[in-house]
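# Understanding the architecture of this molecule
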Amino acid sequence: MVQGLTVSEARAPSGRLYGLDALRGLAVLLMIEQHLGVWLWRGPNRGEGFSDYPIIYTFNALGGGAAPLFVTLAGIGSALMIAKRTGRGEAVDLTLMRRGLTLMGFGLLLNLLTPSWFTWRSWFVLHLMGAGMIMTPAFRRMPTWSLYALAAAVLVATPFFQEFLDTPSLSNQRMAAWEVAPKGDKPGVVIEGGHGRMALIEGHFPIFPWLAFFIVGFGTGRHLSGHKSKGEPPKLSYLLITGAAALGLGGLLAALHYGLHIADDGVLLRATKINVPFYPSSPSFILLLIGGIHLAASGTIALERKLQR
């Protein structure tokens with residue numbers, strides 16, 4: 001019941017998918033709990049690890065799902081918006097580009113307001129979502145198969161770029177683009193490549209490989225909008241197949257490193273190893289999360305459908 005109405009009666013006339021809204025709410029909760037866990041906990045003592053704080057570590061790991069959810073849902077939402085405004089041509093392009101620029105502006109503001117963590121060169125999740133929205137005029141003109149080819153290309157290119165730059169395990173200092181952070185009266189030394197390097201490869205959520213979430217989400221949103229425009233409920237088989245395929249491929253890549261031990265060096269290592277924490281991220285890690293998000297989306301939409309009966 002919603003204010004005296006059943007869920008079915010309260011459903012928006014536009015056929016809004018409340019299951020996706022539920023995932024957005026989950027992403028917000030995960031974001032809050034992860035940040036509070038970091039801010040309010042002093043951290044482990046020397047020599048301590050997961051076995052000493054299993055609950056805190058588990059919750060912190062779950063909180064890492066916030067950014068992938070936000071970016072994927074931004075891609076889905078962009079495609080749904082384009083479908084809803086079919087026939088408006090350039091207007092929808094401009095709207096999404098303005099929204100993208102606004103998000104990037106808030107990202108820059110966040111950088112400037114958090115000097116202990118970021119610099120203006122930092123590249124966080126708001127920057128990534130904004131960049132994805134700015135690219136939607138190109139994405140909406142691409143056939144769906146080419147979107148997935150583009151996402152695959154982003155993932156394939158990632159370990160090569162990381163190897164070329166000799167990307168290490170990334171610290172907050174490094175992701176703020178400092179080779180040497182300022183200390184006292186001593187000025188800092190910015191790493192070669194600065195902002196561009198952070199945005200593309202070595203930031204918190206760089207385009208390579210994190211834009212794959214937005215691109216695959218855009219393809220998923222296009223599929224969901226196709227059924228919506230016909231007044232049909234979305235077929236969950238598409239979400240299930242996409243989720244299973246991504247999980248399978250991500251699991252296969254991870255098995256090359258963790259199970260078969262044939263990917264222990266160079267580009268193959270960077271493609272298969274799952275780093276904890278996930279800076280930098282590998283294609284295997286991204287694929288596993290894409291799979292999990294699509295299965296979660298199919299579950300929330302299925303639950304929504306059941307509640308409407």
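Look up a bit, the structure's there.
None of these values were measured; they are calculated from a predicted model.

## What to know about the overall build of the chain
Looking only at helices and strands, the chain features 14 helices and 2 strands. Taken against the 2.2 N^0.38 rule, which gives 19 Å for 309 residues, the C-alpha radius of gyration of the chain at 20 Å falls within 12% of a compact globule. When the backbone C-alpha atoms are referred to their principal axes, the chain occupies close to 60 × 45 × 40 Å. Taking all 309 residues of the chain together, the buried fraction comes to 44%. Summarising the internal contacts of the chain: among those between residues at least 6 apart in sequence, 69% fall at separations of at least 24. With an accessible surface of roughly 16100 Å², the chain has 68% of that area assigned to carbon and sulfur atoms.

## Considering the pattern of salt bridges
Following the criterion strictly, the structure yields 8 salt bridges and no others. Between Arg140 and Asp93 there is a salt bridge whose closest N-O contact spans 2.5 Å. Of this pair, Arg140 sits in the loop between helix 7 (136-139) and helix 8 (144-165) while Asp93 sits in helix 5 (residues 90-113); the two residues are 47 residues apart in sequence, bridging distant segments of the chain. Residue Asp93 is classed as buried on the basis of its relative accessible area of 4%.

## A closer look at unusual backbone geometry
In the segment running from Phe208 into Pro209, the intervening peptide bond is cis, with an omega of 15 degrees. Here the bond from Val276 into Pro277 is cis, since omega is -5 degrees, no more than 30 degrees from zero. With respect to the element layout, Pro277 can be found in the loop between helix 13 (266-272) and helix 14 (283-307). Although it is not a glycine, His261 sits at a positive phi angle of roughly 55 degrees. If you trace the backbone, His261 turns up in the loop between helix 12 (236-258) and helix 13. Among the residues examined, His261 registers a relative accessible area of 52% and is labelled exposed.

## Some details on the environment of Ser169
Looking at the element boundaries, Ser169 is found in the loop between helix 8 and helix 9 (172-175). Taking the C-alpha atoms as reference, Ser169 lies 35 Å from Thr300; in sequence the two are 131 residues apart. Beyond its immediate stretch of four places on either side in the chain, Ser169 contacts Tyr279 and Pro280.

## Re the packing of aromatic side chains
Within this structure, the stated rule accounts for 12 aromatic pairs. Arranged with centres 6.3 Å apart and planes meeting at 45 degrees, the rings of Phe205 and Phe278 form a pair that is tilted. Taken together, the residues span a long stretch of sequence, with Phe205 in the loop between helix 10 (194-202) and helix 11 (207-229) and Phe278 in the loop between helix 13 and helix 14 at a distance of 73 residues. Judged by relative accessible area, which is 5%, Phe205 ranks as buried. We classify Phe278 as buried; its relative accessible area is 14%. Taken together, a centroid distance of 4.9 Å and an interplanar angle of 55 degrees make the contact between Phe278 and Tyr279 tilted. Exposure class is identical for Phe278 and Tyr279. Each is buried. Members of the aromatic cluster, connected to one another through ring pairs, are Phe118, Phe124, Phe205, Trp210, Phe213, Phe278, Tyr279 and Phe285.

## Some details on a nonpolar patch on the surface
Together, Val28, Met31, Ile32, Leu36, Val38, Trp39, Leu40 and Trp117 make up a nonpolar patch on the protein surface, roughly 760 Å² of accessible area in all. Mapping Ile32 onto the fold places it in helix 2 (residues 18-40). What makes Ile32 partly exposed here is its relative accessible area of 40%.

## Some words on the side chain of Thr220
Checked against the element boundaries, Thr220 lands in helix 11. A relative accessible area of 1% places Thr220 in the buried class. In this structure Thr220 touches Ile76, Tyr148, Tyr238, Leu239 and His294, once residues within four positions along its chain are discounted.

## Observations concerning the packing of helix 8 against helix 10
Relative orientation and spacing of two packed helices are given, respectively, by the angle between their axes and the distance between those axes. Taken N-terminus to C-terminus, the directions of helix 8 and helix 10 make an angle of 135 degrees; their axes are 11 Å apart at the nearest point. Considering the angle they form, helix 8 stands oblique to helix 10. Listed contacts from helix 10 to Phe161, Gln162 and Leu165 of helix 8 are Arg197, Ile201 and Glu202.

## Details of helix 6 (residues 125-134)
When you tally the buried positions in helix 6, you get 8 out of 10 residues, the bulk of the element. For helix 6, the full list of buried residues reads Val125, His127, Leu128, Met129, Gly130, Ala131, Gly132 and Met133.

The rules behind these values
Residues numbered from 1 in each chain as written. Predicted model: local features only at pLDDT ≥ 70, side-chain atom pairs only at ≥ 80, totals over all residues. Heavy atoms only, no water. Helix = DSSP H or I, 4+ residues; strand = E, 2+ residues; numbered from the N terminus. Rg over C-alpha atoms; globule rule 2.2 N^0.38 Å. Buried < 20%, exposed > 50% of the residue type's maximum accessible area, 1.4 Å probe, protein only. Contact = heavy atoms within 4.5 Å. Areas by Shrake-Rupley, 256 points an atom, 1.4 Å probe, with all protein chains shown as cover. Salt bridge = Lys/Arg side-chain N within 4 Å of Asp/Glu carboxyl O. Phe/Tyr/Trp six-rings, centres within 6.5 Å; stacked < 30°, edge-to-face > 60°. Patch = residues over 30% accessible without salt bridge, like charges linked within 9 Å, V, L, I, M, F, W, Y side chains within 5 Å. Axes fitted to C-alpha atoms, helices over the stretch in contact; angles between N-to-C directions. Parallel < 35°, antiparallel > 145°, perpendicular 65-115°, else oblique.

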